[in-house]
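Now for the letters of each chain:
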Amino acid sequence: QLQLVESGGGLVQPGGSLRLSCTSAPFTLDYYAIAWFRQAPGKEREGVSSISSRGGTTDYADSVKGRFTISRNTTGNTAYLQMNSLKPEDRAVYYCASQWVGYRDSVRRLEDDYEYWGRGTQVTVSS
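As the structure is a prediction and not an experimental result, all values here were calculated from the model.

*Asks:* Account for the state of the cysteines, naming residues and giving values.
*Replies:* Should the sulfur atoms of two cysteines be covalently bonded, the bond is a disulfide. Tallied over the full model, the rule gives one disulfide. Here Cys-22 is linked by a disulfide to Cys-96, with a sulfur-sulfur distance of 2.0 Å. When the S-S torsion is -75 degrees, as for the bridge of Cys-22 with Cys-96, the disulfide is left-handed. Of this pair, Cys-22 sits in strand β3 (residues 18–25) while Cys-96 sits in strand β9 (residues 92–100), and the two are 74 residues apart along the sequence. The burial state of Cys-22 is the same as that of Cys-96; both residues are buried.

What follows is the structure in structure tokens.
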């Protein structure tokens, strides 16, 4: 199975930035769609952003549009989530998820679309 590991979480002040990374093993992510989900205390898991296998299609939750940017290398084993202008409401455990899609270049932000999941990384936004 594909293994995913998130990194880059931590504590930041409101208005600050973090860059999360998702690294795969033992395979590269060349033909995998990638998504970031998050789960805040007392809330349901939310699809934050997704990117297609070739990087041609991205999607964002309304709550993060204009602040977060998802990216990836079309070859290699890493994807990213750049998080700017962070707000206290962004506090959550952030999860990387992936699904093999071959040559298709489309994505959705639905949990059931993704087979492989990382263990999560904590993001805390507090003064």
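Additional details are given in the paragraphs that follow.
*Asks:* Run through the pattern of salt bridges, naming residues and quoting values.
*Replies:* A pair can form between side chains of opposite charge whenever their charged atoms are brought close. Scanning all chains against the criterion turns up six salt bridges. The shortest N-O distance in the salt bridge between Asp-90 and Arg-38 comes to 2.9 Å. One end of the pair, Asp-90, is in the loop between β8 (78–83) and β9; the other, Arg-38, is in strand β4 (residues 32–39), and 52 residues separate them in sequence. Arg-109 is paired through a salt bridge with Asp-59; the nearest N and O atoms lie 2.2 Å apart. Residue Arg-109 is found in the loop between β9 and β10 (116–117), and its partner Asp-59 is found in strand β6 (residues 58–60); the two are separated by 50 residues along the sequence. By relative accessible area, Asp-59 is classed as partly exposed at 27%. Put simply, Arg-38, Glu-46, Arg-67 and Asp-90 are held in one network by salt bridges that share partners.

*Asks:* Can you explain the sheet that holds strand β1 (residues 3–7)? Please cite residues and give values.
*Replies:* Ordered by their spatial adjacency, four strands build an open sheet running β1-β3-β8-β7, and the pairing between neighbours is antiparallel. The open sheet has two edge strands, β1 and β7 (68–72), and neither has a second partner. Sheet twist, expressed as the mean angle between neighbouring strand axes with direction ignored, is 15 degrees. For β3 and β8, the ladder comprises six bridges, and the chain directions are antiparallel. Paired with Leu-20 across the two strands is Leu-81, which belongs to β8.

Thresholds, definitions, all that
- Residues numbered from 1 in each chain as written.
- Predicted model: local features only at pLDDT ≥ 70, side-chain atom pairs only at ≥ 80, totals over all residues.
- Heavy atoms only, no water.
- Disulfide = S-S within 2.5 Å.
- Helix = DSSP H or I, 4+ residues; strand = E, 2+ residues; numbered from the N terminus.
- Buried < 20%, exposed > 50% of the residue type's maximum accessible area, 1.4 Å probe, protein only.
- Salt bridge = Lys/Arg side-chain N within 4 Å of Asp/Glu carboxyl O.
- Pairing = 2+ DSSP bridges.
- Axes fitted to C-alpha atoms, helices over the stretch in contact; angles between N-to-C directions.

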